[in-house]
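# Inside the fold
Residue strings, one per chain:
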Amino acid sequence: MKEFRSFLLRNHITPKWAIFALDLSICIFSVLFSQYLITGFAAGNSAFLLIVTITSLSASAFFVLLKTYQGIIRFSDFNEAMRSVTAVFCSFLSIVALNCMMAFSGHAYVIDTTVLLVFFFVASFLIFGYRLLVKQLYRISITEDNTVNVIVYGVELNSSLVKMSVENLSDSAYRVVAFIEDEEQYITKTIDGIEIYSYTETEEIIRRFNAKAVFFAKDKMDADLKRNIVDVCLSHHMQVMNIPSVADWINSNQKLSRLEQVKIEELLGRPSISLPNEHVINMLGTKSILITGAAGSIGSELARQVAAICPASLIICDKSETGLFELEYELQQKYKLGASLKVFLGDVKDEYAMNRLFAAYMPNIVFHAAAFKHVPMMESHPSEAILTNVQGTRVLADLAELYDVERFLFVSTDKAINPTNVMGASKRIAEMYCHALHGKADCQPKELPVLPMLPSVKLKSKTKFITTRFGNVLGSNGSVIPRFQQQIAAGGPVTVTHPEIIRYFMTIHEACSLVLEAVTIGNGGELYLFDMGEPVKILDLAKKMIRLAGKEPGSEINIEFTGLRPGEKLYEELLNKAEEVIPTHNKKILVAKVIECDYQGLIAGINELIETAQVCNDKKVVSHIRQLVPEYKSSNAVFDLNNKEIDPARIASNAF
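Here's a quick rundown of the structure.

## A word on the overall build of the chain
- Check the secondary structure of the chain and you find 23 helices and 22 strands.
- Within the chain, buried positions represent 51% of all 656 residues.
- Considering only residue pairs separated by 6 or more positions, the chain has 78% of its internal contacts joining residues 24 or more positions apart.
- Counting only carbon and sulfur atoms, one obtains 56% of the accessible surface of the chain, whose full area is about 30600 Å².

Here you go:
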């Protein structure tokens with residue numbers, strides 16, 4: 001049986017011409033055998049040639065007409081087999097009709113009627129029988145000792161096809177032993193003789209059937225439920241996979257090796273959210289929208305979601321030439337924005353470039369997502385963090401006021417709360433500046449250079465400044481999950497900074513959906529916090545990803561602890577101790593009551609900070625940060641290049 005199964009898998013789908021030829025050969029054999037039984041081959045060679053020719057033409061015509069050769073033999077069911085018998089019956093009737101015509105014209109029968117009757121029964125039996133025989137032999141072959149017992153999660157209308165596909169289209173000998181489901185209406189019922197159990201019985205079913213794999217056939221299911229089931233499966237060292245669309249699977253002749261592994265993102269994400277997008281569409285649909293940092297993870301997803309709304313115009317801005325080019329191509333291909341999509345290559349801290357951008361496109365709403373975000377890199381380059389994250393934000397916020405932008409949303413981070421690193425502290429200063437601008441309508445922002453060709457702008461502004469703050473997004477550039485995936489693929493080791501380190505995670509799609517929601521409900525001056533769910537222990541994350549890859553932590557792939565990096569802390573916070581939280585109509589969005597600060601003192605401090613950063617005096621930059629953000633407690637003792645203090649005067653003297 002094992003050899004028979006291997007033969008079928010090597011010849012994955014029998015060619016149509018082979019099935020057609022086999023059916024036709026059976027018909028020819030049947031008519032010759034019938035002739036021998038009835039007449040004993042009394043007719044001459046010419047008569048035999050005529051019988052074979054007529055039978056072949058008649059049978060071929062109905063095989064083609066009824067497409068009996070298109071089925072996959074080992075998947076044949078009763079209806080498909082009966083279609084082949086119908087073709088033989090139609091061939092029988094057509095020859096009977098020909099006999100009647102010959103008799104009416106005074107000629108002898110082409111084929112004796114008794115021979116035709118025997119031919120019909122013999123051919124029908126053989127064509128029907130070999131289809132069922134192949135199917136049954138294949139079924140027997142997958143019940144051998146090397147069979148892998150599989151549990152399928154999810155009962156749909158195509159569950160019978162799922163079972164058939166798992167058992168018949170796989171490279172391994174899989175056998176479905178149980179279905180599990182979370183909907184009560186399906187419990188205790190059967191599919192092709194296989195019982196449906198409640199998901200609460202998963203562990204018992206695994207033991208009862210000695211199951212070695214669980215395949216998820218349900219597209220949408222609760223993330224917590226899926227996580228719990230996967231945890232149970234991994235504890236039993238089981239394979240966990242997602243089943244693709246059955247129609248695509250069969251039509252494209254995909255093998256089970258093409259099944260997708262359950263991704264860690266599916267287990268970390270929360271249940272899908274349904275935002276009241278009507279007012280989001282109504283607000284953004286008629287606006288000119290600018291997104292900075294558009295080539296980044298958050299910026300590009302924001303651009304996709306905004307593009308789907310089809311705004312009056314969408315301006316994407318980034319200093320990454322390649323990233324901007326690829327995003328423009330993607331948006332045009334998917335959303336056909338045409339001339340309403342504007343592309344601007346420029347650096348947010350370049351006042352002249354940003355001034356030209358605002359003057360040319362006059363945005364109504366600004367999403368400011370451009371920033372340096374990688375903590376260890378910014379610990380080595382504090383001045384660059386300030387110039388991009390603080391000066392860049394100030395340039396855009398000031399321009400938003402000068403050009404009478406309606407709403408300005410600043411994308412911040414949970415690392416801005418009680419920061420222990422330069423990146424988080426720089427984002428906190430940017431938060432403070434945006435909030436201070438909104439609260440001091442009578443104070444004019446820093447004067448910006450106005451190019452001669454630009455129109456005059458209003459000095460009286462009504463811009464609503466809004467800040468959003470959330471944690472890590474799954475799969476973003478440089479995040480821990482892609483790094484773990486690379487390390488696991490390379491065979492390890494997987495590196496974790498500390499055994500107790502924890503982080504909050506959110507999907508990029510959900511984060512950006514909540515950002516769009518926040519910009520529409522904000523009245524200005526708010527700092528919105530997003531519900532990040534439960535924190536995730538990074539060590540547990542690493543172990544789960546290793547097990548999902550079919551390996552065992554420690555024995556097959558090692559985990560190494562490298563120690564906390566400069567500026568890194570064990571856990572992130574979403575709220576300062578002095579900040580209070582107020583709920584909104586959306587349970588996933590909260591408003592923090594922000595601490596007020598001295599506007600004039602803040603402006604003076606930021607000016608001095610930026611001037612210091614412009615000459616790359618990193619130690620003084622960090623000193624100024626401490627003055628502006630008293631809660632900043634750095635865990636990094638060194639803030640200069642290559643761990644050496646560099647005299648700014650020496651740099652200036654060597655400059656051209």
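## Observations regarding the sheet that holds strand β5 (residues 213–216)
- The sheet built from 7 strands is open, its strands ordered β3-β4-β2-β1-β5-β6-β7 with mixed pairing. Because the sheet does not close on itself, it has two edges, and the strands there are β3 (190–191) and β7 (260–261).
- Across 2 bridges, strand β6 (residues 239–242) lies against β7 in antiparallel orientation. Bridged to N242 within β7 is E260.

## Here we look at helix α13 (residues 321–335)
- For α13, with 15 residues, the first-to-last C-alpha span of 21 Å sits near the 21 Å given by 1.5 Å per residue.
- The set of residues buried in α13 consists of L324, L327, L331 and Y335. Buried positions in α13, seen along its axis, are confined to an arc of 65 degrees and lie on one side of it. In α13, the exposed positions that point more than 90 degrees away from the buried face belong to E321, T322 and F325.
- The inward-facing, buried residues of α13 contact α12 (297–309), β9 (313–318) and β10 (341–345).

## Focus on unusual backbone geometry
- Looking along the chain, the bond that leaves G492 and enters P493 is cis, with omega of 0 degrees.
- The phi torsion at T188 lies on the positive side, around 75 degrees, for a residue other than glycine.
- Looking at where T188 falls in the secondary structure, it is placed in the loop between β2 (174–181) and β3.
- The backbone of D404 shows a phi angle near 55 degrees, a positive value even though the residue is not glycine.
- Classification of D404 by relative accessible area gives partly exposed; the value is 29%.

Rules used throughout
Residues numbered from 1 in each chain as written. Predicted model: local features only at pLDDT ≥ 70, side-chain atom pairs only at ≥ 80, totals over all residues. Heavy atoms only, no water. Helix = DSSP H or I, 4+ residues; strand = E, 2+ residues; numbered from the N terminus. Buried < 20%, exposed > 50% of the residue type's maximum accessible area, 1.4 Å probe, protein only. Contact = heavy atoms within 4.5 Å. Areas by Shrake-Rupley, 256 points an atom, 1.4 Å probe, with all protein chains shown as cover. Pairing = 2+ DSSP bridges. Expected span 1.5 Å × (residues − 1). Arc of directions from axis to C-beta.

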